[in-house]
Amino acid sequence: MMESLEQIKARIETNLPGARIDIVPNPGPSQQSSLLVDNEHAVDVARLLRTDPTLQLDFCSNVTGVDWLDRVVTKKVKVKRVVEGEEKEEEETQQEKILGHLEAVYHLYSITQKHGPVIIRMRTADRAAEARLPSLTPIWRSAEFQEREIFDLYGIRFDGHPDMRRILMWDEFKDYPMRKDYREPDDYEYEPTPHDDVLEKAKQHYAPRPQLDGAENITAQK
Amino acid sequence: MTVSSGAKRSAVEGSRDETFKLTPRDPSAPLGMTSRLEGELMEVSMGPQHPSTHGVFRMNVALDGEIVRKLKPVFGYLHRNHEKIGENTSYLGSMPYTDRLDYFCSMTNNWAYALSVEKLSGIEVPERAEYLRIILAELTRLQNHASLLGFLLSDMGAWGTPLMYAFREREKILDLFESLSGSRMMCDYMRFGGCRVDATADWLARAKMIVDAFPKFLDEFEKLIVENEILIARTQEVGKLSADLAISAGITGPMLRACGVNYDIRKVDGYGFYPRFKFRIPLGDHGDTYDRLMMRALEMRESISILKQAFEQIPEGPVINPKVKIRAFRPAVGEAYGRIEAPKGELGFYLISDGSPNPYRYRVRPPSFINLTILEDLCLGHTVADVMVILGSVDIVMGEVDR
């Protein structure tokens, strides 16, 4: 049996003092919660997960990105208040604004010990076009093409990746199609004829997108 | 067909040597073949229109005479952003679209997707449906492996005949799929919580007949390949893969087991009713192309054994869980990663639900795309002719690689 996520978290924190690990709960029936790893220690944490004799997570199966837009989460929090000299617990609805960010998710298994999955995630600070995360390709080679795919479709640059280029889209392509606010061109082949509804659609497409200011200057190469 | 072993790159896990630095591309220079010419090496663009690239796949190869010194796969000719389309359709709407991923194995694609959604929303599957799924998945494995062997012989220059032998058998299985689901290749057969239609007793009898006759074809086909002098010369010691590199690079399926690593998701995860079946996992010794090829032949024998047990054990009963909502299907908030042992390796679906009818994130883990990670390591030091054989033994389908 594999260790629980709390045990893995404790193991990482004893071996790597300073690493900040959070457990991201999964409310669904699949019971697959994950570990949120801070970006500075991500490579060390990954190396530990791979080499630790009880975990031996030597097989990184799936690497993928997720785009989270800005969202507001309503929570019900119990607040203690002193009302007329008496302490009372009251329920209060609070609205928490979570800033949008990009996420890289790694599904790890162990081939030697035949257990898994352990899911680790890394988060960028914001959804800027220059979002960066450390690459885990030096630890697991299987991340090589998959991290390139995340760069291609989500626009996260992985520091330390040996070959950070677009993989599915062509090199000259701008923008990142898997982002939630991506707007596709009307036609890749020719300029739309400028009249009527075609013009309206074209105008929509040419509207500036605040998140992408400066993105058109980024080429596939560093 | 011997290759000087000094030319081979030693495969060190997780590290890339100077091959990445051979052509530092000047970002200001226009993209084109000429910008990549270097030294004595000649760059050849193999594909995308080449009969041996199994679809539209290109490899930029730097050659020293006939020896491959560098190889960069180029993807994306069939890219249609399957994942984005999946996020813009309902959960069920993606089911027929999974057929188009690996269009040779639509039944296993359906199963992997159905399994992930069942994990995501906690749906149970009736017993008969689980048996039907195993029967169809193993039939898929039979026809995929048979046609792969045919294609591989075709790549080696045995034009036509072996491929047609394999296709003759494949067509019998596709006829079964057609009579069950209405389509030869785009089956769209599984549903969340079961299967779309029940198989009749007549269908099961016909399937049993075809499976019973299959070993005769295998005997004949193995005679063609196992001791064939040309095939041995072309495949043994070609494209060797070490177990350590295979694990690090996330190689799965027959390609991983050819390196001697005992990892089959049917045994490890025990999804479906596989723990009820007796079957063995064939393992290779050398990790070369010949082992990869034989792995397919041996796996077909085990699939036949699974199928025979399934035909005996399959119970009567419903084939779909009646509690599952077909319309307005909304899984609870959460995420799930489900995976199965598809004929090409680990096929997984990663789904995030935000409670709406469409998945917030829909990700396919394509086995043949990830198995191509080490294509360069396999090909370095071999001749151009060997590249085709090595690529053939990886077993790719571009519909799944490019998505």
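Residues numbered from 1 in each chain as written. Chains lettered and ligands numbered in written order. Predicted model: local features only at pLDDT ≥ 70, side-chain atom pairs only at ≥ 80, totals over all residues.

**Side note on the overall build of chain A**
Line of reasoning, step 1. Each helix and strand counted, chain A has four helices and nine strands in total.
Line of reasoning, step 2. The burial tally for chain A puts 34% of its 222 residues in the buried class.
Line of reasoning, step 3. Considering only contacts in chain A between residues 6 or more positions apart, those separated by 24 or more positions represent 58%. (Helix = DSSP H or I, 4+ residues; strand = E, 2+ residues; numbered from the N terminus. Buried ≥ 20, exposed ≤ 12 C-beta atoms within 10 Å, placed from the backbone. Contact = placed C-beta atoms within 7 Å.)

**Some details on the overall build of chain B**
Line of reasoning, step 1. For chain B, the helix and strand inventory stands at 15 helices and eight strands.
Line of reasoning, step 2. Scaling as 2.2 N^0.38, a compact globule of 403 residues should have a C-alpha radius of gyration of about 22 Å, and chain B matches this with 22 Å.
Line of reasoning, step 3. Taking the principal axes of the C-alpha coordinates as reference, chain B spans close to 70 × 50 × 35 Å.
Line of reasoning, step 4. Sorting the 403 residues of chain B into buried and exposed places 51% on the buried side.
Line of reasoning, step 5. Across chain B, the fraction of contacts at a sequence separation of at least 24, relative to all contacts at a separation of at least 6, is 71%. (Rg over C-alpha atoms; globule rule 2.2 N^0.38 Å.)

**Considerations on the environment of Glu86 of chain A**
Residue and element names in this part refer to chain A.
Line of reasoning, step 1. In this structure, Glu86 sits in strand S5 (residues 86-98).
Line of reasoning, step 2. Since 7 C-beta atoms lie within 10 Å of it, Glu86 is described here as exposed.
Line of reasoning, step 3. For the pair Glu86 and Asp159, spaced 73 residues apart in the sequence, the C-alpha separation amounts to 56 Å.

**Describing the nonpolar core**
Line of reasoning, step 1. Counting 153 residues, the largest nonpolar core has Tyr106, Leu108 and Ile156 of chain A together with Ile135, Leu149, Ala246 and Val387 of chain B as its most contacted members.
Line of reasoning, step 2. The greatest single-element share of this core, amounting to 15 residues, is contributed by helix H4 (residues 127-155) of chain B.
Line of reasoning, step 3. For this core, the two domains that each supply at least three residues are domain 1 (5-74) and domain 2 (82-402) of chain B.
Line of reasoning, step 4. Residues in contact with Tyr106 of chain A, not counting those within four places in the same chain, are Cys60, Val63, Ile119, Ile120 and Leu136 of chain A. (Core = buried A, V, L, I, M, F, W, Y, C linked by C-beta atoms within 7 Å. Domains from an automatic or database assignment.)

**What about unusual backbone geometry?**
Line of reasoning, step 1. Of note, the phi angle at Lys114 of chain A is positive, near 55°, even though the residue is not glycine.
Line of reasoning, step 2. Along the chain, the position of Lys114 of chain A falls in the loop between strand S6 (101-110) and strand S7 (115-123).
Line of reasoning, step 3. Even without glycine at this site, Glu237 of chain B takes up a positive phi of about 65°.
Line of reasoning, step 4. Assignment of secondary structure puts Glu237 of chain B in the loop between helix H7 (229-235) and helix H8 (243-248).

**Comments concerning the sheet that holds S6 of chain A**
Residue and element names in this part refer to chain A.
Line of reasoning, step 1. If you walk across this open sheet you meet the five strands as S1-S2-S7-S6-S3, and the pairing is mixed. A single partner strand is all that each edge strand has here, and the edge strands are strand S1 (21-24) and strand S3 (59-68). Sheet twist, expressed as the average angle between the axes of neighbouring strands with direction ignored, equals 25°.
Line of reasoning, step 2. Pairing analysis gives three bridges linking strand S2 (residues 34-37) to S7, with the strands arranged parallel. In the sheet register, Leu35 faces S7, and the bridge partner there is Ile120.
Line of reasoning, step 3. Contacts from helix H1 (residues 5-15) reach S1, S2 and S7 within the one sheet, and its direction differs from that of S1 by about 170°. (Pairing = 2+ DSSP bridges. Axes fitted to C-alpha atoms, helices over the stretch in contact; angles between N-to-C directions.)

**Description of the domain arrangement of chain B**
All names here are of chain B.
Line of reasoning, step 1. As assigned here, chain B comprises domain 1 (5-74) and domain 2 (82-402).
Line of reasoning, step 2. Placing the centre of domain 1 and that of domain 2 at their C-alpha centroids yields a distance of 30 Å.
Line of reasoning, step 3. Facing the 22 residues of domain 1 at the interface are 23 residues of domain 2.
Line of reasoning, step 4. Those elements that place two or more of their residues in the side of domain 1 that touches domain 2 are strand S2 (58-64) and strand S3 (67-74).
Line of reasoning, step 5. Sort the elements by how many residues they give to the side of domain 1 that touches domain 2 and S3 lands first, with five residues.
Line of reasoning, step 6. Its residues placed into classes, the side of domain 1 that touches domain 2 shows twelve nonpolar, five polar and five charged. (Nonpolar A, V, L, I, M, F, W, Y, C, P; charged D, E, K, R; others polar.)

**Focus: the interface of chain B and chain A**
Line of reasoning, step 1. Residue-level contacts link 42 residues of chain B with 36 residues of chain A.
Line of reasoning, step 2. Contributing elements (two or more residues each) for the side of chain B that touches chain A: helix H1 (82-87), helix H3 (106-121), H8, strand S6 (334-342), strand S7 (345-353), strand S8 (361-365) and helix H12 (367-371) of chain B.
Line of reasoning, step 3. The dominant element in the side of chain B that touches chain A, judged by the number of residues it contributes, is S7 of chain B, at five residues.
Line of reasoning, step 4. By residue class, the composition of the side of chain B that touches chain A is 18 nonpolar, twelve polar and twelve charged.

**Let's talk about helix H6 (residues 201-225) of chain B**
Residues and elements named next belong to chain B.
Line of reasoning, step 1. Taking 1.5 Å as the rise per residue, H6 with 25 residues should run 36 Å; its terminal C-alpha atoms sit 36 Å apart, in good agreement.
Line of reasoning, step 2. In the structure, H6 departs most strongly from a straight axis at Phe214, where the bend amounts to approximately 25° and where the proline Pro215 lies between one and four residues downstream.
Line of reasoning, step 3. Among all positions in H6, only Ala207, Val211, Phe214, Phe221 and Ile225 are buried.
Line of reasoning, step 4. At its buried positions, H6 is contacted by H4, helix H5 (161-181), H7 and helix H11 (289-313). (Expected span 1.5 Å × (residues − 1). Bend = angle between axes of the 7 residues up to and from the residue.)

**So, the environment of Tyr274 of chain B**
Residue and element names in this part refer to chain B.
Line of reasoning, step 1. Tracing the chain through its elements places Tyr274 in the loop between helix H10 (265-268) and H11.
Line of reasoning, step 2. For Tyr274, a count of 20 C-beta atoms within 10 Å corresponds to the buried category.
Line of reasoning, step 3. For the pair Tyr274 and Ile225, spaced 49 residues apart in the sequence, the C-alpha separation amounts to 30 Å.
Line of reasoning, step 4. The contact partners of Tyr274, leaving out residues within four places of it in the chain, are Ile134 and Arg266.

**A look at the sheet that holds S3 of chain B**
Residues and elements named next belong to chain B.
Line of reasoning, step 1. One open sheet holds the three strands; their spatial order is S1-S2-S3, and the pairing between them is antiparallel. The sheet is open, and its two borders are formed by strand S1 (42-46) and S3, each paired with just one other strand. The mean angle between the axes of side-by-side strands here comes to 20°, regardless of whether they run parallel or antiparallel.
Line of reasoning, step 2. Across the sheet, helix H14 (residues 384-394) is in contact with S1, S2 and S3; its angle to S2 comes to roughly 145°.

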